[in-house]
Amino acid sequence: MTIKECYDKIGGDYEAVFQRMMKKDTLILKFAKKFLDDSSFTNLKENLSSGNVEEAFRAAHTLKGVAQNLGFETLYKPSSELAEILRAGSMDGIGGLMDTITEEYEKTIAAIKEL
């Protein structure tokens, strides 16, 4: 699978990232693979489970930023929504949103592993 095919598979914004990364697929590939080591999703789940809203916000905000920078749009959007809820100090109504984030995260990770 090519990096562009990977982005197509996950609904990512390949063209925007391609422009940001100086039109070099090797850079996109390098940073996409580094996403596999990013701990923000794990931190988010752990802090939500323990009820630590402040740390969950930090993790959601980090996940949102990384997803946005890498053009992972389908992961970025729900992560951004979650970050705003947590920023307000609330955990109300995040269950369905977290389900969406988990689904998109797993889909993204699986596609990157196919590279």
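Calculation criteria
Residues numbered from 1 in each chain as written. Predicted model: local features only at pLDDT ≥ 70, side-chain atom pairs only at ≥ 80, totals over all residues. Heavy atoms only, no water. Axes fitted to C-alpha atoms, helices over the stretch in contact; angles between N-to-C directions. Helix = DSSP H or I, 4+ residues; strand = E, 2+ residues; numbered from the N terminus. Parallel < 35°, antiparallel > 145°, perpendicular 65-115°, else oblique. Left-handed = near helix turned anticlockwise from the far one by under 90°. Contact = heavy atoms within 4.5 Å. Nonpolar A, V, L, I, M, F, W, Y, C, P; charged D, E, K, R; others polar. Buried < 20%, exposed > 50% of the residue type's maximum accessible area, 1.4 Å probe, protein only. Expected span 1.5 Å × (residues − 1). Arc of directions from axis to C-beta.

Student: Run through the packing of helix 4 (residues 40–50) against helix 5 (residues 53–69), naming residues and quoting values.
Tutor: For the pair helix 4 and helix 5, the least separation of the axes is 8 Å and the interaxial angle reads 155°. Between helix 4 and helix 5, the interaxial angle falls into the category roughly antiparallel. For the crossing formed where helix 4 meets helix 5, the hand is left-handed. Where helix 4 abuts helix 5, its residues Ser40, Phe41, Asn43, Leu44, Asn47 and Leu48 lie against Glu55, Ala56, Ala59, Ala60, Thr62 and Leu63. By residue class, the composition of the contact of helix 4 with helix 5 is 7 nonpolar, 4 polar and 1 charged.

Student: Could you give an account of unusual backbone geometry, naming the residues involved and the relevant values?
Tutor: Of note, the phi angle at Met22 is positive, near 55°, even though the residue is not glycine. Of note, Met22 is situated in the loop between helix 2 (14–20) and helix 3 (25–34). The backbone of Lys23 shows a phi angle near 60°, a positive value even though the residue is not glycine. With respect to the helices, strands and loops of the structure, Lys23 is situated in the loop between helix 2 and helix 3. A relative accessible area of 52% places Lys23 in the exposed class.

Student: Could you give an account of helix 7 (residues 95–113), naming the residues involved and the relevant values?
Tutor: Along an α-helix, residues three or four apart share an orientation, since each turn contains 3.6 residues. In this model, helix 7 (19 residues) spans 27 Å end to end at C-alpha, consistent with the 27 Å of a helix rising 1.5 Å per residue. Along helix 7, the positions that sit buried rather than exposed are Leu97, Met98, Ile101, Glu104, Tyr105, Thr108, Ile109, Ala111 and Ile112. Taken end-on, helix 7 shows its buried residues confined to a sector of 160°, consistent with a single buried face. For helix 7, the exposed residues lying more than 90 degrees away from the buried face are Asp99, Glu103 and Lys113. In this structure, the buried side of helix 7 is in contact with helix 1 (3–10), helix 3, helix 4, helix 5 and helix 6 (73–87).

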